[in-house]
Structures are given as structure tokens and as C-alpha cells.
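Reading the structure
Now for the letters of each chain:
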Amino acid sequence: MKKKTVVQISGYFLSGMSYQENIYCSELSKRSALLNLFISSSVKYPKDGSYSHLREVYTGTRNLDSGVYYDDGVVNFRLKPLFEKNGKVYLRKLLRTLSLLNPDVVLVHGSTSIVSIQVSFYKIFFRNKFKLLVDDHTLITLQEKSVLSRIYRFVFKMIFSKLVDKAADLYLPLSKETESIMVNNYGLDKSKMKILYLGADDNLFKPEPSKRISFREKYRIKRNEVVFLYTGKIIESKKIDEMIGSFKDVTNLNYRIIIVGPAEPKYKSYLEELILNLEMEDQIEFVDNMDTKSLVEAFNGADIGIWPFAPTISTVEAQLCGLPCIVQSSEYNRERIVNDTVVSGMLVNNVSELKNVIVDVLSGNQDMATLRENSIKNSQRYKNSVIVESLYNYMVN
């Protein structure tokens, strides 16, 4: 049986980051029926000031030029961009590269990306027969608010949405919220959409009581001490300062906050000053970064994950380990936390609601044992093994 050639295209390939498009690649490369390839820019990370400090953390110090690379088990064709703006990249020689690879299936990341327009043009005007899948991870809270971004989205809806609609065989929004944005804001065809969740590696992230013990011993956590855990980028848009401020005036000090992730230096200095002013030095600990093994330990060892003001993939990894979550109240998070009658965390709209939840948790008013069980139940649909199987079927059928 001839292998199907699958080409995945994204503006960036972030080696070392567990973003979904990277996971698609490594997992699908294990399928014997597929020849899995990737196309991205030679730029390693978006030129965004709040992210620039993360480049070396996640992608190393390699100075990647255009060419063919072997990244995390994936053959990656890195192309020079003609330009790059607000995370949108126009890839030079993309159509020539696609012609050379002659794919059976193309998966493009980002329905409104310039790349999706390039590929749609190539498929329609050169009468190519490949199957085009377009995934999208847009959420309301993550949409660019600048005037230029708003103009771009308007132009896409008025002009390019019809082109992409004609070319695309299937859209893969990550949630109902994303689906709604794609239909209402971008003008794309809902009948072509199937939700494909963001997932996490269920071979790594799972409940392990022994790791709970080792984590609490490592960080000298007292037996009845409640551990609030934040993991991810420590940048201003995550509003970690508001999270910390929510603990102000909490009289029950039987808690610890452990904040894990690479930090933007100026923002971390601001947080450290805030902690000193609030006299919370004994309650809060920063950890620069954790490898996957340590992260699994942390999700098992903590009592509750806390991401109240910005969406994150960490909630899925946490729930697979049985860690309940406090998250921002949004349609996207509601899908993750509430599944029919199974509730695995708390949704908050603002600092006041977060304070009330913190007090409830510390007062023992939350049934944490049930929340842990529900976290595991809710997370089963977010296993990578389940999601990749769905994607594989979309590609080959």
C-alpha cells in the first residue's frame, strides 16, 4: 500500500514546545501509512516583545536558516519569510515546495493565516487534488485587538474567506468557541467543521500517587498545606499579578503558591516587588522551568491548578493527572471543566470571584476528592491518543 504524503504547514515550528501542531507531527510520523513532512519559516519564534525572551528556552540557540532540518523526529522544510507581522508569515517558495513534495493531504495551521490563503490559491488555480485540512486555535481572549489586526480580519472575511472555503475540505476548530469565531467573524462554512480538541500526552500525564509524595517532599510542603500551582509563560498578559493580589487579606495562611515557567525579566521583577509589599514571601515560590517528568510530579503533587485570567493547554495536562483547576470563565474553559453534569473545577470572572473560591478551598468547602475524580473523567476526551486517531482518520478517509 502506497504511503500517503502528508504536509503540515505553520508559520513557526517551535521545537521543544508542546503546541498541538508539534504533537501532530511527532505522533503522525509514527503511522506507517503516512509520510509526514512539515513546512515552516526559518524564523524560530514570533517577533513579539512579550515572547522574545522565550526563544532560547524553547528553541535553543541554533541559528536556523532556510533548508531541510530534522526537528523532533519530523522532516521540516524551513523557508525564508518574505515578511512577518503579528505572528502572520508569508512564506517564500511555498508553492514551489508543495509542487516538489506533491502531497496527498495538506494540513494548514490557522484559517486566516497568510499560509492558508497561499495554499488555497495554489490548490484552486493550479487544480491540485490534495485534501486540504485547516485547523484553528483562535479564542476570543487571544484575538489581536490592534487596528491592523481588525482590518486584516475584515479583509479576510470580505475577500479571502470565499477562496479558503472553496479550497478547504475540512476545518478543525479546537472548540465550539473557535467554531463560532470562524463562522461569525471569518465567514467560513460551518458545514465543513469538526471540532478537534487540544490534547496532552496521556502516556506521560496521568495520576501517580508516588509522584505526589516525591513532589511534596521536594518542596517541603506540610501535610495539610494546600498547594496552588501555576505553570506556563510568566508574562503580563497572563495577569499573574492579579492572581497573586487575590490572596491579599486571606487570613488562612495554610497554603503555598508555586509558579512555574520562563519569565519575562521586567515582569518577574514587578511580581517579586508586589510579593514583598504584600508580605507573601513565605507563601510563594518561583521555579524557572520544569522538564516533563518534573511537571508530571507537580500536577500530581499540587492540590489545585490556578489559571484564572488566561487560557492555557496546561489545564488539560493537569486534569489528566487528576488536578482540579480554577480557570477563567469562558465558553472554551466551560467546555473543558463542565462535561454534562461532571464538574472538574471552578470558573471565575474576576478578582472578587477568585478570592471567594480561594477562601472556599482553604476553608474545606470544596469537595476536592470528587473534583479530582471528575478531572480524570473529563480529561479522557483530551488524550492525544484519542485526538491523533481522529486526525489520522480525517487524513486517510
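The structure contained in this document is the topic of the report that follows. What you see as residue numbers is a count from 1 along each chain, following the sequence as written. Side-chain atom pairs in this predicted model are given and counted only at pLDDT of 80 or more, local residue features only at pLDDT of at least 70, and totals for whole chains, interfaces and linings cover all residues. With hydrogens and water stripped out, all remaining heavy atoms of the structure feed into the side-chain values.

Time to look at the packing of aromatic side chains. Note on aromatic pairs: the rings of Phe, Tyr and Trp (six-membered ring only in Trp) are paired at centre separations within 6.5 Å, and the planes decide the class, stacked below 30 degrees, edge-to-face beyond 60, tilted for the rest. If you walk through the whole model with that rule in mind, you get 13 aromatic pairs. Ring geometry for Phe121 and Phe126: centres 6.3 Å apart, planes at 75°, overall edge-to-face. Only protein chains enter the accessibility calculation, which uses a 1.4 Å probe; a residue is then buried when its area is under 20% of its type maximum, exposed when over 50%, and partly exposed in between. Phe121 gets classed as partly exposed once you look at its relative accessible area, which sits at 37%. A ring pair is formed by Tyr122 and Phe130, whose centres lie 6.1 Å apart and whose planes are at 20°; its orientation type is stacked. The class for Tyr122 is buried, based on a relative accessible area of 8%. Judged by its relative accessible area of 4%, Phe130 is buried. The rings of Phe121, Tyr122, Phe125, Phe126 and Phe130 are connected pair by pair, giving a single aromatic cluster. Here Arg336 stacks its cationic end above the ring of Tyr382, 5.0 Å away from the centre of that ring. One residue, Arg381, lies across the ring of Tyr197, its end atom 5.7 Å from the ring centre. Throughout this description, the term charge over a ring refers to an Arg CZ or Lys NZ atom that lies within 6 Å of the ring centre and within 35 degrees of the ring normal.

Side chains of nonpolar character tend, in soluble globular proteins, to be buried together. Grouped together as the largest cluster of nonpolar side chains are 64 residues, with contacts concentrated most on Phe228, Ile244 and Ile259. Apart from residues no more than four positions distant in its own chain, Ile259 is found in contact with Tyr230, Ile234, Ile240, Met243, Ile244, Ile284, Glu285, Phe286 and Val287. Here, the term nonpolar core denotes a set of buried Ala, Val, Leu, Ile, Met, Phe, Trp, Tyr and Cys residues that are joined through side-chain atoms within 4.5 Å. Judged by nonpolar contacts, the second largest core, of 33 residues, contains Leu101, Val106, Val115 and Tyr122. The contact definition used throughout considers only heavy atoms, calling two residues in contact when any of these lie within 4.5 Å.

Moving on, we come to a nonpolar patch on the surface. Residues forming no salt bridge and having over 30% relative accessible area are the ones grouped into patches, like charges within 9 Å of each other and nonpolar side chains (Val, Leu, Ile, Met, Phe, Trp, Tyr) within 5 Å. Per-residue accessibility takes into account occlusion by the displayed protein chains alone, with areas from the Shrake-Rupley method and a 1.4 Å probe. Here, a salt bridge means any Lys or Arg side-chain nitrogen found within 4 Å of an Asp or Glu carboxyl oxygen. A grouping of Phe154, Met158, Ile159 and Phe160 is seen on the molecular surface, where their side chains present a nonpolar patch of about 410 Å² in accessible area. Note on placement: Phe160 falls in helix α5 (residues 147–167). Helical segments are the DSSP runs of H or I of at least four residues, strand segments are the runs of E of at least two, and each set is numbered from the N terminus.

What follows deals with the sheet that holds strand β12 (residues 284–287). When DSSP locates at least two bridges between a pair of strands, those strands are taken to pair. Here 6 strands make up an open sheet; going across it, the order is β12-β11-β10-β13-β14-β17 and the pairing parallel. Unpaired on one side and paired on the other, β12 and β17 (345–348) mark the two borders of the sheet. The mean inter-strand angle of the sheet, taken between neighbouring strand axes irrespective of direction, is 25°. Sheet analysis places strand β14 (residues 325–328) next to β17, joined by 4 bridges and oriented parallel. Bridge pairing in β17 places Val327 opposite Leu347. Across the sheet, helix α13 (residues 351–362) is in contact with β10 (226–231), β11 (255–260), β13 (304–307), β14 and β17; its angle to β17 comes to roughly 155°. To obtain an axis, a line is fitted to C-alpha atoms, over the contacting stretch when the element is a helix, and the angle between two such axes runs from 0 to 180 degrees between their N-to-C directions.

With respect to the secondary-structure elements, Thr178 resides in helix α6 (residues 176–184). What Thr178 contacts, discounting residues up to four positions off in sequence, is Asp136, His137, Thr138, Leu139 and Pro173.

Our next topic: the packing of helix α7 (residues 209–218) against helix α10 (residues 292–301). Two quantities define a packed helix pair, namely the angle between the helix axes and the distance between the axes. In contact at an axis separation of 7 Å, α7 and α10 are set at 95° when each is read in the N-to-C sense. In terms of axis orientation, α7 runs roughly perpendicular to α10. Across from Lys211, Arg212, Ser214, Phe215 and Arg216 in α7, the residues of α10 making contact are Val296, Glu297, Ala298, Asn300 and Gly301. Charged residues are taken to be Asp, Glu, Lys and Arg, nonpolar residues to be Ala, Val, Leu, Ile, Met, Phe, Trp, Tyr, Cys and Pro, and polar residues to be all remaining types, Gly included. Of the residues assigned to the contact of α7 with α10, the class counts are 3 nonpolar, 3 polar and 4 charged. Reported orientations rely on four angle classes, namely roughly parallel under 35 degrees, roughly antiparallel over 145, roughly perpendicular from 65 to 115, and oblique for the rest.

Turning our eyes to something else, we now look at the pattern of salt bridges. Pairing between side chains of opposite charge can happen when their charged atoms approach one another. Applying the stated criterion to the full structure yields 8 salt bridges. Close ionic contact of Asp169 with Lys123 constitutes a salt bridge, the shortest N to O distance being 2.7 Å. Of this pair, Asp169 sits in the loop between α5 and β9 (170–173) while Lys123 is found in helix α4 (residues 114–125), placing the two residues 46 residues apart along the sequence. The exposure class of Asp169 is partly exposed, given its relative accessible area of 37%.

In this section: the pairing of strand β7 (residues 105–109). By the criterion of burial, β7 is predominantly enclosed, with 5 of the 5 residues buried. The alternating pattern of β7 places Val105, Leu107 and His109 and Val106 and Val108 on opposite faces, both of which are buried. One ladder, built from 4 bridges, connects strand β1 (residues 4–9) with β7; its direction is parallel. Residue Val7 lies in a different strand from β7, and its bridge partner there is Val106. Alignment of β7 against strand β8 (residues 131–136), held across 5 bridges, turns out to be parallel. Among the inter-strand pairings, His109 is bridged to a residue of β8, identified as Asp135.

Turning next to α4. Between the first and last C-alpha of α4 there are 16 Å, a value that for 12 residues agrees with the 16 Å anticipated at 1.5 Å per step. Taken across its 12 residues, α4 has 10 buried, putting it largely inside the fold. Buried residues of α4: Ile114, Val115, Ser116, Ile117, Gln118, Val119, Ser120, Tyr122, Lys123 and Ile124, and no others. Just downstream of α4 lies Arg127, where phi reads positive at about 55°. Here the expected span of a helix is defined as 1.5 Å times the quantity of residues minus one.

Function cannot be inferred from these measures alone, as they are strictly geometric.
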